[in-house]
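Each chain is listed here by its residues.
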Amino acid sequence: MDRELLGGFDMGLNRVFVVGAGISGLVVAYRLAQKGFRVTVFESQDVGGLASSYYIGEMRIPKTNRLVLSSDRKTQKLIKELGLWKRVFWRPLKSGIIYEREIHPLSSPLDLLRFKLINFWDRVRFATFLLRTILPLSYDLSKLEGLSVREWAVEELGQEIADKLIEPLILTKFGLSSDQISAAWFLDRLLSESRTRIRNRWGFIRGGIGQVAEKLAERIEGLGGEILPKTPVDEVVIKEGEVRGLRVRRGGEEKFVEASVVVATAPPPALCEMMPDLPKELSKMLRAIRYAPAVLGCYLIKERKRGFVWLANLDRDSSFGGLFEIPDYLEGFSDTLGASSVVQTTTYLESEGEKLWRMSEEEIAEAQIRDIAEIFGEVEVVWRGIYKIPHSLPIFLQDLPKVPQKTEVSGLYFAGIFTTLPRSPTMGLAAESGERAAELVAQDLKPQRPTNP
Ligand SMILES: Cc1cc2nc3c(=O)[nH]c(=O)nc-3n(C[C@H](O)[C@H](O)[C@H](O)COP(=O)(O)OP(=O)(O)OC[C@H]3O[C@@H](n4cnc5c(N)ncnc54)[C@H](O)[C@@H]3O)c2cc1C
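Residues numbered from 1 in each chain as written. Predicted model: local features only at pLDDT ≥ 70, side-chain atom pairs only at ≥ 80, totals over all residues. Heavy atoms only, no water.

### Here we look at the site of the ligand
Looking at the ligand, there are 31 residues lining it, with S24, E43, L50, N65 and L67 nearest. In the model, an oxygen atom of the ligand is placed 3.2 Å from a nitrogen or oxygen of the I23 main chain. Separating an oxygen atom of the ligand from a backbone N or O atom of R66 is a distance of 2.9 Å. In isolation the ligand exposes 1,000 Å². Once the protein is present, 90% of that is buried. Listed by contribution, the elements that provide at least two residues to the shell around the ligand are α1 (23–34), α9 (268–274), β18 (341–348), β19 (381–394) and α14 (427–444). Partitioning the shell around the ligand into residue classes produces 17 nonpolar, 12 polar and 2 charged. Composition of the shell around the ligand by domain shows at least three residues from each of domain 1 (15–51 + 210–289 + 397–444) and domain 2 (67–91 + 202–208 + 291–394). (Near = heavy atom within 4 Å. Polar contact = N/O pair within 3.5 Å; in protein donor to acceptor, adjacent residues only side chain to side chain. Areas by Shrake-Rupley, 256 points an atom, 1.4 Å probe, with all protein chains shown as cover. Helix = DSSP H or I, 4+ residues; strand = E, 2+ residues; numbered from the N terminus. Nonpolar A, V, L, I, M, F, W, Y, C, P; charged D, E, K, R; others polar. Domains from an automatic or database assignment.)

### Thoughts on the domain arrangement of the chain
Along its sequence, the chain is carved into domain 1 (15–51 + 210–289 + 397–444), domain 2 (67–91 + 202–208 + 291–394) and domain 3 (121–199). The C-alpha-based centres of domain 1 and domain 3 are spaced at 32 Å. When the two sides are added together, the surface that domain 1 and domain 3 hide from each other amounts to roughly 780 Å², 48% of it contributed by carbon and sulfur. Of all residues in domain 1, L397, Q398 and S424 give up the largest surface area on contact with domain 3, accounting jointly for 63% of the area buried on that side. For the interface between domain 1 and domain 3, the tally reads 1 salt bridge. A salt bridge links D188 to R423; its shortest N-O distance comes to 3.5 Å. Applying the counting criterion to the domain 1 and domain 3 interface returns 2 residue pairs in polar contact (both at pLDDT 80 or more). (Buried area = accessible area lost by both parts, 1.4 Å probe. Salt bridge = Lys/Arg side-chain N within 4 Å of Asp/Glu carboxyl O.)

### Notes on the packing of helix α2 (residues 73–81) against α14
The packing of two helices is summarised by the inter-axis angle and the distance between the axes. Running from N to C, α2 and α14 cross one another at 75°; their axes reach a closest spacing of 7 Å. With respect to α14, the element α2 is oriented roughly perpendicular. Here K74, T75 and L78 of α2 come into contact with α14, specifically with M427, G428, A431, E432 and E435. (Axes fitted to C-alpha atoms, helices over the stretch in contact; angles between N-to-C directions. Parallel < 35°, antiparallel > 145°, perpendicular 65-115°, else oblique. Contact = heavy atoms within 4.5 Å.)

Right, dumping it as structure tokens:
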């Protein structure tokens, strides 16, 4: 193994090393830097991870994370702390379902009562359930442990809703049947969306939500921390129950970096690859968390279509699973770009073996533009981006393990949304897990320089 230290960087045993510069990794590094720790963050791709952006001139368009949920207090607090609050604006987002190429609105209880795909009394039953569960503002998810979405839906909402609505929604989301997916995750997601919908406010940041990651990175560097994008960690070296170092790749070269404290935030499938010497139980736990690959399309279009909408697509023969149209991303840039709206698609896949994953970017764009036009009418696309994510979200199988953030390996900590299961992932949960990991590290170690305010 190459024992040479990374040229040009102040590496060594006095640092905390963070793997992954998504929101959780950046928050860990920021909180530790504030506490006086020296930090280095290795990121295989771009800073921000799922919160990174496309840059078109001076404009940012989110690649993945687009919205701040009104129920996500943690992200709102972070945005305030980073001085971005005055750029936040709120919009009502209409939502609905695409079925047989037609849009069926589903934004309000009234829409639900008018929803033609299921019979009237089942619609009333669903609406009553939502009111009964949303209003107390808390729901004991532990009651649902061991229950699948299907079992829960049949019992609570009836066979027809389970078959005609819930099953296709889950298939669209994960490519898996609803009897494999955890009811606790589904309820967490349903209730947080329904509560956001009551206020009907979804938050956006003028200039792009990618500024959250950029500001975090700026603050870390301002406190003396290092962030190294395009620097994948190939291995976290563990010997005799403790962290000994990292093998990283930078500029085509592989280097060994001595390390005694590592906070790993990459998704579990990547962690399993980079940590072959994890204790058996921990490795088994991480292996039990499967992730869905996803394909995300982004299209700048000439004419606005439906405005602020989120549509889940139940048509299984379509080239995308869900679609947003969010015109205000382009505010101030429409004239220069010759576009007035943005349409973004999200398609979760069961595996990288699926056809959409194997298609070229041109083929994906062509198929998606054709399918969008079938629903919205002709679209003229002036710019497009396709983003393939090998590990996007955990598949919320039943009985997912609770991964500890401080592990039995001395010096190894975890942060990331896989430590918050079965809660439905948000930027706020990623930030929360980052803060918890920073606290755990700080309890175990002393900072190496005076604490910054
Ligand atoms: C399609 C989609 C849309 C979403 N939209 C929203 C939204 O609108 N609002 C919201 O609040 N939440 C949203 N979420 C959830 C949100 O993205 C996450 O909760 C959060 O951003 C995840 O942050 P993270 O740091 O845990 O993970 P990530 O952002 O995945 O960060 C992990 C990082 O580790 C890096 N990495 C992996 N392997 C290595 C390696 N070997 N070496 C170094 N680095 C490595 C990855 O490149 C990545 O940058 C969305 C999620 C998805 C998938």
